[in-house]
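Per-entry structural report
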Amino acid sequence: MGAREPSLEELLEEKKRVRNPLVPVGALITAGVLTAGLISFRRGNSQLGQMLMRARVVVQGATVALMVGTACYYGENPWKSSETPHFSQNPSSGHLRRRAEAISNQVVKLKDEGNTFPLFDLKKRKEKKEENLGQVLTQSQTSAAGFWVPSLHPRYLLSILGPDLDISLWIKMPERSKSSSVSNLPLILDIDDFKGDFSFDALFGNLVNELLPSFQEEEADSAGEHGLGGSEVLQNGQVRASSDAAKFAQGLSTPLFPEVDSLLSLFKDSCKELIDLRNQIDGRLYNLKQEVSTQDAKHRKTLTELEKGVDGLFDSFARLDSRISSVGQTAAKIGDHLQSADAQRETAGQTIELVKYLMEFNSSPGDLMELSPLFSDDSRVAEAASIAQKLRSFAEEDIARAVPSVVGSATASRGLEVAVANLQEYCNELENRLLARFDAASQRRELSTMSECAKILSQFNRGSSAMQHYVATRPMFIDVEVMNSDTRSVLGDQGSQASPSNVARGLSSLYKEITDTVRKEAATILAVFPSPNDVMSILVQRVLEQRVTALLDKLLVKPSLVNPPPMEEGGLLLYLRMLAVAYEKTQELARELRAVGCGDLDVEGLTESLFSSHMDEYPEHEQASLRQLYQAKLEELRSENQNVSDSTGTIGRSKGASVASSHQQISVAVVTEFVRWNEEALTRCTLFSSQPATLAANVKAVFTCLLDQVSQYITDGLERARDSLTEAATMRERFVLGTSVSRRVAAAAASAAEAAAAAGESSFRSFMVAVQRCGSSVAIVQQYFANSISRLLLPVDGAHAASCEEMATAMSSAEGAAHKGLQQCIETVMAEVERLLSAEQKATDFRSTDDGMAPDHRPTNACTRVVAYLSRVLEAAFTALEGLNKQAFLTELGNRLYKGLLNHWQKFTFNPSGGLRLKRDITEYGEFVRSFNAPSVDEKFELLGILANVFIVAPESLSSLFEGTPSIRKDAQRFIQLRDDYKSAKLASRLSSLWSSSS
């Protein structure tokens, strides 16, 4: 406590101002650069002065930035240093540490015959003071240690003990019995245990309460060894002994904590001293805060003054910078004026030289001998050409601006006209000389000399003469043998007919050769000419317009539409195929040339122009070709039919007619060939037509030709099949006999009728085949339209709908012929049915004389023949017709058969057994017509079955037959009249009242 307390100087280190050493260095560099710049301006070196002034601005800015940065960094503490003491710690840390050591040395260290209880293991520097503490605090073997530590705040305790203090608490429990072993129970305390509401009182109190029972048990054990009675430990830590033990304890025991009072007073005094010390430290801290506030105010005042000085310095630098910038701008303007004056001086010198040369050319017309050596020196040809071009341009412009009214101007104009003439003559002579040198170098393949000449010649009309001359001298344009070789490679030998495939191969080979030649020339042009794209444009144009055009003129000869070439020579189709091959291959050549390079030349447009004369009339040639092919095919079919007719010269008329008719039938293969021709034409339309509108128009025209051809072909085929039906009908009418003829005539007529029936059946089958093939042909055309034509017409509004309408119109004629032919087929079938019924049906079939015998349930012979005929004939109809066409045909045939049977049965009378046979026939007919799938026809034959009952029932039961079906009453009246007992049973009078009452 009597140690000397540290003063303020000991607690705080000396305040040191921190300065940035780069600031004065930057200021010195700025002054040096500024001085050097001013010296440079004074000596007239403006360029160096400008550079130094710019460097001065950079250094000056960096210096000011350092000043501002230093001021901002040390704004709140201008004495900031890495060695500044940390004020958050206790300023008198040395004194407090000494006090803390004095307090810690008073911690109890008990000894019991060598067994110690270390509670706090401090550093080795406290060992000496532990000996003093051991002298103060000692106790006997049975005593327990107890102490009191004042409550301290954890942070305050840590500030006293220091962050490097290692606190560990070890508790060594005494021996419980002789058999128990000594165990050390460590209690480790870290900094987190001192956080929050921490109290040493509570800590050590808990430790005492935990250790006390163990000491009491040890004491009791030791007392038992000396012959004392047992004792009882209470809950409060006291021991209640028996009577003998209590007496012994009163004489031998001592107080458990004999030094508590002395320790308590010692700790109280220490707390009081600590409080006084804390008050002293608080007072010193307050004084320090006051002193720091005073120093801070002084620092802020100094900083304000420094900022004002910096602002003034900035203003000075700004004024100086503006002056320097003004001087620099003035110097730059002076430099620009000097540069302009130098350029004008140089231009004036060149103008003087040009005027001198112009006067030389203006001396006398046609006199070029007295010119300067420049114009005759071969080594200076480029310079001479440039000067000559400038002089000629100047003279021509002066002549254009001359005013004839002024005499001086007129005279000058006349003089310049002489100069222009001389210059033109000299330029022509120089250009010819350069072209000759260029040709000589070209023959020797001296690319450098060629390039030099081409560069000089580019000053004459932009080098067009040199480019045209180079292209015109290429062997492919001047060698006649090359032209002839092109023709032979494509067309072959003279007199032979070239095929499109051979022409395609020849054109591919020739165009590949042309492309390779142009590619080689492109390499030379790129190395020689200053503008290779222009030369390539001229070369490619010359190739297409001269070499390719000459070949196309020999390959494509436009035929006449009035007198087209015959099919034996290929016809119009050969010309169109050649045109397509040539066009396609030439387009490929154009793309290859475009890839090689042709400048700004429109190669595709130029290629199109080569075929413009052929494209103008292409649609007409295509349609004429299709018509020619159609006519040739028809002639071929007629020739085949004629050969077939000639081969059947001895065959009978009907048999020969049927054979010829079979060969004149509609052929689906022929229609497929028509479509194939049209598809080929469609491919050419797509190739030649690039615009959608043009393509749609051409496609529509080509498809219209196909519609006309197919419509005419199938219509003619159907008409030929109808003709056979008509001929069969004529044969039937020719052999119709009257009622009274002889038996021989009747037999001959019957034989002829059989032949007519066979012809009719054959014609029926032929027409059904024609109808079937007609439907297949129309389906092929419709499929072709949907797959190929439709997609090309859709982009143009209205084109698709117009083509659909044309297709419907074209097929309407074929539909009309088919409808008429189907009507004739029905007439043919019904005529044969009537013939069979008339020939086979007998009166006894429905009026048997042996009425009392068992009825015959078989159909009549006439019914069997008719059903067999219908089954045989209609088999072809079932195969040929489909859909609604089939349903309409069979329905019409069923209705006609119903009416024909009604009319046929009106010729006979019926008894009951005959009625049964009639009903059996009706059932047979009904089962056959049920295959028609015509509900209306089935219903009519069902009603016929009901009508047949009028011949079976008794007369008195007739009225009950029509109660459910009043619709057949009219037909029933006619059938009742056919009963054999109609008059005998007086059915007329009996049923008259029934008809009148029901009506």
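Since the model is a prediction, treat every value here as computed from it, not as a measurement.

Another aspect to go through is the overall build of the protein chain. In terms of helices and strands, the protein chain carries 32 helices and 6 strands. Residues counted as buried form 38% of the 999 residues belonging to the protein chain. Taking the intrachain contacts of the protein chain between residues at least 6 apart in sequence as the baseline, contacts between residues at least 24 apart amount to 77%. As displayed, the protein chain offers around 56600 Å² of accessible surface, 54% of which is attributable to carbon and sulfur atoms.

Let's shift gears to the pattern of salt bridges. All chains considered together, the criterion is met by 25 salt bridges. Its salt-bridge partner being Arg 577, residue Glu 680 comes within 2.6 Å of it at the nearest N-O pair. Remark: Arg 577 occurs in helix α18 (residues 571–596) and Glu 680 occurs in helix α23 (residues 668–688); sequence separation between them is 103 residues. In this structure, Arg 765 and Glu 761 form a salt bridge, with 3.3 Å as the shortest nitrogen-oxygen distance. Remark: Glu 761 and Arg 765 occur in helix α25 (residues 743–793); sequence separation between them is 4 residues, near one turn of the helix. Its relative accessible area of 29% is what places Arg 765 among the partly exposed residues. Salt bridges linked by common partners bring Arg 577, Glu 622, Glu 680 and Arg 684 together as one network.

It is worth spelling out helix α27 (residues 861–880) at this point. Residue pairs spaced three or four apart in an α-helix point in one direction, given the helix's 3.6 residues per turn. In this model, α27 (20 residues) spans 30 Å end to end at C-alpha, consistent with the 28 Å of a helix rising 1.5 Å per residue. At Leu 874, α27 shows its largest kink, close to 35°.

Over its 28 residues, helix α3 (residues 46–73) extends 41 Å from the first C-alpha to the last, a length consistent with the 40 Å expected when each residue adds 1.5 Å. All of the buried residues in α3 are Gly 49, Gln 50, Leu 52, Met 53, Arg 56, Gln 60, Thr 63, Val 64 and Thr 70. The N-capping residue of α3, defined by a side-chain oxygen 3.3 Å from the backbone nitrogen of Leu 48, is Asn 45.

Moving on, we come to the packing of aromatic side chains. According to the stated counting rule, one finds 19 aromatic pairs in the structure shown. Relative to Phe 785, the ring of Phe 703 has its centre 5.2 Å away and its plane inclined at 35°; by these criteria the two rings are tilted. Taken together, the residues Phe 703 in helix α24 (residues 692–734) and Phe 785 in helix α25 connect sequence positions 82 residues apart. Comparing Phe 703 with Phe 785, the two get one shared label, buried. Considering the side-chain rings of Tyr 898 and Phe 941, the 6.1 Å spacing of their centres and the 70° angle between planes classify their relative orientation as edge-to-face. Of this pair, Tyr 898 sits in helix α28 (residues 883–905) while Phe 941 is found in helix α30 (residues 935–947), placing the two residues 43 residues apart along the sequence. The same class applies to Tyr 898 as to Phe 941, namely buried. Among the aromatic residues, those joined into a cluster by ring pairs are Phe 846, Phe 908, Phe 910, Phe 951 and Phe 975. Looking at Arg 474, its charged tip hangs above the ring of Tyr 470, at a distance of 4.0 Å from the centre. Over the ring of Phe 477 we find Arg 542, and its NZ or CZ is 5.1 Å from the ring centre.

The subject of this paragraph is the nonpolar core. In this structure, Phe 529, Tyr 713, Leu 718, Met 768, Phe 889 and Trp 905 are the most contacted members of the largest nonpolar core, which totals 171 residues. Among the elements that take part in this core, helix α26 (residues 799–840) stands out by supplying 15 residues, more than any other. Sequence-distant contacts of Phe 529, defined by excluding residues within four places in its chain, comprise Phe 438, Ala 454, Ala 466, Met 467, Tyr 470 and Val 535. Listed in part, the 5 residues of the second largest apolar core include Tyr 357, Leu 358, Ile 387 and Leu 391.

Running from N to C, α27 and α28 cross one another at 160°; their axes reach a closest spacing of 11 Å. If you check the angle between α27 and α28, you find them roughly antiparallel. For the crossing formed where α27 meets α28, the hand is right-handed. On α28, the residues touching Leu 870, Leu 874, Ala 877 and Phe 878 of α27 are Lys 886, Phe 889, Leu 890, Leu 893 and Leu 897. The residue makeup of the contact of α27 with α28, split by class, is 8 nonpolar, no polar and 1 charged.

The next point concerns the packing of helix α2 (residues 22–43) against α3. The interhelical angle for the contact between α2 and α3, taken along N-to-C directions, is 165°, at an axis separation of 8 Å. What the angle tells us is that α2 and α3 run roughly antiparallel. Every pair of crossing elements has a handedness; the one defined by α2 and α3 is left-handed. Across the contact of α2 with α3, the residue classes break down as 16 nonpolar, 9 polar and 1 charged.

This brings us to the side chain of Asn 895. Within the secondary structure, Asn 895 sits in helix α28. Take Asn 895: its relative accessible area is 17%, and that puts it in the buried class. Ignoring sequence-local partners within four residues, the contact set of Asn 895 consists of Val 937 and Lys 940.

What follows deals with the side chain of Ser 763. Relative to the helices and strands, Ser 763 resides in helix α25. Here Ser 763 falls in the buried class, since its relative accessible area comes to 3%. Not counting residues within four places of it along the chain, the set of residues in contact with Ser 763 comprises Ser 724, Leu 725 and Ala 728.

The final tally for this structure, using the stated rule, is 0 disulfides. Free cysteine: Cys 685, not disulfide-bonded; nearest cysteine sulfur from Cys 705 at 9.9 Å. Judged by relative accessible area, Cys 685 falls into the buried class, the value being 1%.

Glancing now at unusual backbone geometry. Positive phi, normally seen in glycine, also occurs at Arg 445, with a value near 60°. Topologically, Arg 445 is positioned in the loop between α11 (407–444) and α12 (447–457). Assessed through its relative accessible area of 48%, Arg 445 is described here as partly exposed. The phi torsion at Asn 933 lies on the positive side, around 55°, for a residue other than glycine. In this structure, Asn 933 sits in the loop between α29 (912–929) and α30. On the accessibility criterion, Asn 933 (62% relative accessible area) is exposed.

In this section: the confidence of the model for the protein chain. Across the protein chain, the average pLDDT comes to 75, with 68% of residues at or above 70. Per-element averaging of pLDDT across the protein chain places strand β3 (residues 168–172) at the bottom with 36 and α23 at the top with 93. Residue range residues 1–16 is modelled with pLDDT below 50. Its contacts to residues more than four positions away, or to other chains, number 24 contacts. Below pLDDT 50 for its whole length, residues 649–663 participates in 11 contacts with residues either more than four positions away or in separate chains.

What counts and how
Residues numbered from 1 in each chain as written. Predicted model: local features only at pLDDT ≥ 70, side-chain atom pairs only at ≥ 80, totals over all residues. Heavy atoms only, no water. Helix = DSSP H or I, 4+ residues; strand = E, 2+ residues; numbered from the N terminus. Buried < 20%, exposed > 50% of the residue type's maximum accessible area, 1.4 Å probe, protein only. Contact = heavy atoms within 4.5 Å. Areas by Shrake-Rupley, 256 points an atom, 1.4 Å probe, with all protein chains shown as cover. Salt bridge = Lys/Arg side-chain N within 4 Å of Asp/Glu carboxyl O. Expected span 1.5 Å × (residues − 1). Bend = angle between axes of the 7 residues up to and from the residue. Polar contact = N/O pair within 3.5 Å; in protein donor to acceptor, adjacent residues only side chain to side chain. Phe/Tyr/Trp six-rings, centres within 6.5 Å; stacked < 30°, edge-to-face > 60°. Lys NZ or Arg CZ within 6 Å of the ring centre and 35° of its normal. Core = buried A, V, L, I, M, F, W, Y, C linked by side-chain atoms within 4.5 Å. Axes fitted to C-alpha atoms, helices over the stretch in contact; angles between N-to-C directions. Parallel < 35°, antiparallel > 145°, perpendicular 65-115°, else oblique. Left-handed = near helix turned anticlockwise from the far one by under 90°. Nonpolar A, V, L, I, M, F, W, Y, C, P; charged D, E, K, R; others polar. Disulfide = S-S within 2.5 Å. pLDDT = per-residue confidence, 0-100.

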